[in-house]
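Topology and contacts: notes
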Amino acid sequence: MVPFIYGSTATPISKKDNPSDPSHTHKWSVYVRGVNGEDLSFCIKRVTIKLHESFAVPTRVIESPPFEVTETGWGEFEIMIKISFVDSNERPVTLYHQLQLYPKDEAAIQAQGKKPVIINHYEELVFNEPTEDMIEGLRAYNAVPRIAPVGTYSTQAEEEELLHLDDVHSKLLAEHERQKRHLVKVEEELRLLQAEIRELERQ
Amino acid sequence: MLEIQASQTSAFGGPGAGLGDGMSPAAAMARTSSAGSLSGDVVVGADAVPQQQQQQQQHQQQQPHHQQTGEILAEFVLPTLQPRTRPAGLQPVPGHAAADERGAAPAPGAQSARAFRKQASLDASIAALTGGLPPVVLARRWPAASTTCRRWRWQPFTNSARTDSLALGHWSSDPNEADSRFAAQGVQAQVMRFTDEEYDTHLKDPAWSKEDTEHLFALCRELELRFYVIADRFEGSTPRTIEDLKDRYYSVSRALVAARHGAQDPQGKLMTAKYAYDKTREIERRRIIEKLLSRTPEQIEEEEILMHELKKRAASEESWNRERELILRSLMNNELPPQTAVPLVPLSTDPRKKRRPLRGDETPMMAQGVDAIRRRNRDREVDDSPLRKEKLPCGAFLRTSRIQPIKISLQTRATALLDEYRIGARPNMPTAAVCAKFDEVRQLAVALLETKKLVDKAEHELKVAHIRRKTLKDDLAGGRKPAAAAGPALSAPLAGKRPLVSPPVQREHKRARN
């Protein structure tokens, strides 16, 4: 199991920063990296990042870390990220990232100024039955705990999320039980009523 | 290259089909004359052969050949796949082609030379069409007929199945045949005989008199056990069915065998088996056959339709079963959320170890009741099901890819419901534990929505039932016995204006439930 982060940062630029194309409003990068910025090249051989068709050379192939593409542009679009592994027996995995240049809500846009918009996603690569080649690297990598105890993606965050999910789970479960009881009640009532109707119909 | 005789290729088209294009006059003449003498010489698709190849054909005419002479060649030569050497010489002068031919092979006449030329051109045309490879289906080798024939003689014979010694004659190829071949068919039925004594000790039957039994056996002997005829001719004291007759005949025979051989004698047992007869079964069989034969055309048609349906069902049954199994599995899986997560997390540094402990656990777990069975089921799922294999690919995959999608029909509502609880489309930190819990929560939300659906449906039915009851009560109140409708307070005063009543009632019920 290899935890990693994929995502993008976007910073607004002024026209003079980018004389080549004045319509471009942001400078952004999209990347794949370790949770704490570790080098993942022990298992990742290449990252193929597919940008919007309008970019020059929309398919970027990065063979060595940092697995990152930096561009300027004006639009948001979905980026395809394909991760190929050192072990050629492993099939590449594909994930999709929505490039985001502007903050989600209006207030944040107002307050943003020159601050970058950072959208990160935590993800884990799971190697089910890896080959001999890969085992050593994975073992060495996981010898050190990679997820920090505190921080954005930490054991603490995980626990909090689990707690939240547990909480929601119990709420939903309670609601479900309530609904089930209600259903039984309604059906019982319906049954009695139907018996009564049959009785009436017979008269 | 190969030899193909004209007689075989003649099956492929009309005589002399369009060989003329671009051919030199002499060759064309030779061709027409040979085509006249050997009608049926045909080249497949020869009209497509361009001039160059025609010249090649003439070129070929020079080839030395060691076959028989032309006509025999055209008629009988088998398709030997004999390679021919093509001389690298100059193209021959067309007019001298025949002379060349004669020089090369001792042909008896011009006609055979032409035939041979024809043959050669055939080779070339076919070679041009097939790219020099032997065509696959041109020739068929018939099995060689034997050259000797059997000698048939007129000879006398007798038939041993006959009682008289009538001697006749017939044509036969077998000199030793003295008895007729049909003697084997003349077998006589061996109907047992019994003495009066035997009858008195073993064969008495209250349903049968001795006279009737004797009459039956006489008929059996006379009519060679053809029971349909026997039943027709039987004139006993009482009318009897064919089953009655058969039963009596076989039971008497069995009793006689038992009496004469004893119960333990193997030969006796064998013979008893020969006379086995089960009357009730035979009657049942006849009844069923009669039923089968007396079906009306409509019934037959219906039966055929049903059979067709059955076949269709049987054909689709397999896929149904498979689908059903998958659904069952996924249902079972949903019931076991914490366990689903456990084995899928190769948290140890060596993910290879992951499967081994699972398999090892299997045996001790068997004893641990339902839980063990479920876990084993899940294990099997991981191992067997193609669906599962997709979900747990052997190799690298993303943790979130294991999260099960919500079924489309409930997607919007489920997303909205989960939104209420601040759960998005994807966990914030999709570790193994989180993903498992996340999946569990989502499936629970789906289950909840499904239950809600059922509740809505039941409530609706309840509403309808309430209205129905009210209508009925009103009917009763306004109809024949108004006093009987004392039940609900509403119905009596409003009985007259039923159509206006339902909406307020409906609303009332709704309010009551909410």
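Residues numbered from 1 in each chain as written. Chains lettered and ligands numbered in written order. Predicted model: local features only at pLDDT ≥ 70, side-chain atom pairs only at ≥ 80, totals over all residues. Heavy atoms only, no water.

**Quick notes on the packing of aromatic side chains**
Residues and elements named next belong to chain B. Evaluation of the coordinates by the stated rule reveals 18 aromatic pairs over all chains. By the ring-pair criterion, three or more aromatic residues cluster together here, those being Phe-194, Tyr-199, Phe-217, Phe-227, Tyr-249, Tyr-250, Tyr-275 and Tyr-277. The residue whose ring lies beneath Arg-240 is Trp-208, and the NZ or CZ to ring-centre distance is 3.7 Å. (Phe/Tyr/Trp six-rings, centres within 6.5 Å; stacked < 30°, edge-to-face > 60°. Lys NZ or Arg CZ within 6 Å of the ring centre and 35° of its normal.)

**What to know about the interface of chain A and chain B**
Taken together, the contact pairs 57 residues of chain A with 56 residues of chain B. Between chain A and chain B lies a buried interface of about 5300 Å² when both sides are counted; carbon and sulfur atoms form 66% of it. If you sort the residues of chain A by the area they bury against chain B, Val-126, Asn-128 and Leu-172 of chain A come out on top, with a joint share of 13%. Here chain A is connected to chain B by six salt bridges. Linking chain A with chain B are 17 residue pairs in polar contact (both at pLDDT 80 or more), by the criterion used here. With 27 residues, the top contributor of residues to the side of chain A that touches chain B is helix H3 (residues 155-202) of chain A. Where strand S8 (residues 117-127) of chain A meets strand S3 (residues 396-398) of chain B, three bridges bridge the pair, whose relative direction is antiparallel. The residue of S3 of chain B that forms the bridge with Val-126 of chain A is Phe-397 of chain B. (Contact = heavy atoms within 4.5 Å. Buried area = accessible area lost by both parts, 1.4 Å probe. Salt bridge = Lys/Arg side-chain N within 4 Å of Asp/Glu carboxyl O. Polar contact = N/O pair within 3.5 Å; in protein donor to acceptor, adjacent residues only side chain to side chain. Helix = DSSP H or I, 4+ residues; strand = E, 2+ residues; numbered from the N terminus. Pairing = 2+ DSSP bridges.)

**Remarks on the packing of helix H10 (residues 242-261) of chain B against helix H12 (residues 279-293) of chain B**
All names here are of chain B. Their axes nearest at 10 Å, the elements H10 and H12 cross at an angle of 155°. Relative to H12, H10 is oriented roughly antiparallel. The way H10 lies across H12 gives a crossing that is right-handed. For the pair H10 and H12, the contacting residues are Ile-242, Glu-243, Asp-244 and Asp-247 in the first and Lys-279, Glu-282, Ile-283 and Arg-286 in the second. Per-class residue counts for the contact of H10 with H12 are two nonpolar, no polar and six charged. (Axes fitted to C-alpha atoms, helices over the stretch in contact; angles between N-to-C directions. Parallel < 35°, antiparallel > 145°, perpendicular 65-115°, else oblique. Left-handed = near helix turned anticlockwise from the far one by under 90°. Nonpolar A, V, L, I, M, F, W, Y, C, P; charged D, E, K, R; others polar.)

**A word on the UniProt feature "coiled-coil region" (unreviewed entry) in chain A**
Using the residue numbers shown here, the UniProt feature "coiled-coil region" (unreviewed entry) corresponds to residues 169-203 of chain A. Helix and strand shares over residues 169-203 of chain A are 97% and 0% respectively, and the end C-alpha atoms of the span are 51 Å apart. (UniProt positions renumbered as here; feature names shortened; annotations may be inferred.)

**Remarks on the pairing of strand S1 (residues 2-12) of chain A**
Residue and element names in this part refer to chain A. Burial of S1 is extensive: ten of the eleven residues sit out of reach of the surface. Sheet topology places S1 next to S8; nine bridges connect them, and they run antiparallel. From the neighbouring strand, Phe-4 faces S8, where its bridge partner is Glu-123. Looking at chain direction, S1 and strand S2 (residues 26-34) are connected through nine bridges and run antiparallel. (Buried < 20%, exposed > 50% of the residue type's maximum accessible area, 1.4 Å probe, protein only.)

**With respect to the packing of H10 of chain B against helix H11 (residues 266-274) of chain B**
Residue and element names in this part refer to chain B. As a packed pair, H10 and H11 sit with axes 9 Å apart at the nearest point and diverge in direction by 180°. By the criterion of interaxial angle, the relationship of H10 to H11 is roughly antiparallel. Every residue of H11 that contacts H10 at Arg-254, Val-257 and His-261 is listed here: Gln-267, Gly-268, Met-271 and Thr-272.

**With respect to the nonpolar core**
In terms of nonpolar packing, the biggest core is built from 33 residues, with Trp-28 and Ile-81 of chain A touching the most fellow members. When residues no more than four places from it in sequence are discounted, the contact partners of Ile-81 of chain A are Tyr-6, Val-30, Val-32, Val-47, Thr-48, Ile-49, Val-93, Thr-94, Leu-95 and His-97 of chain A. Residues Tyr-199, Leu-216, Phe-217 and Phe-227 of chain B belong to the second largest nonpolar core, which totals 23 residues. (Core = buried A, V, L, I, M, F, W, Y, C linked by side-chain atoms within 4.5 Å.)

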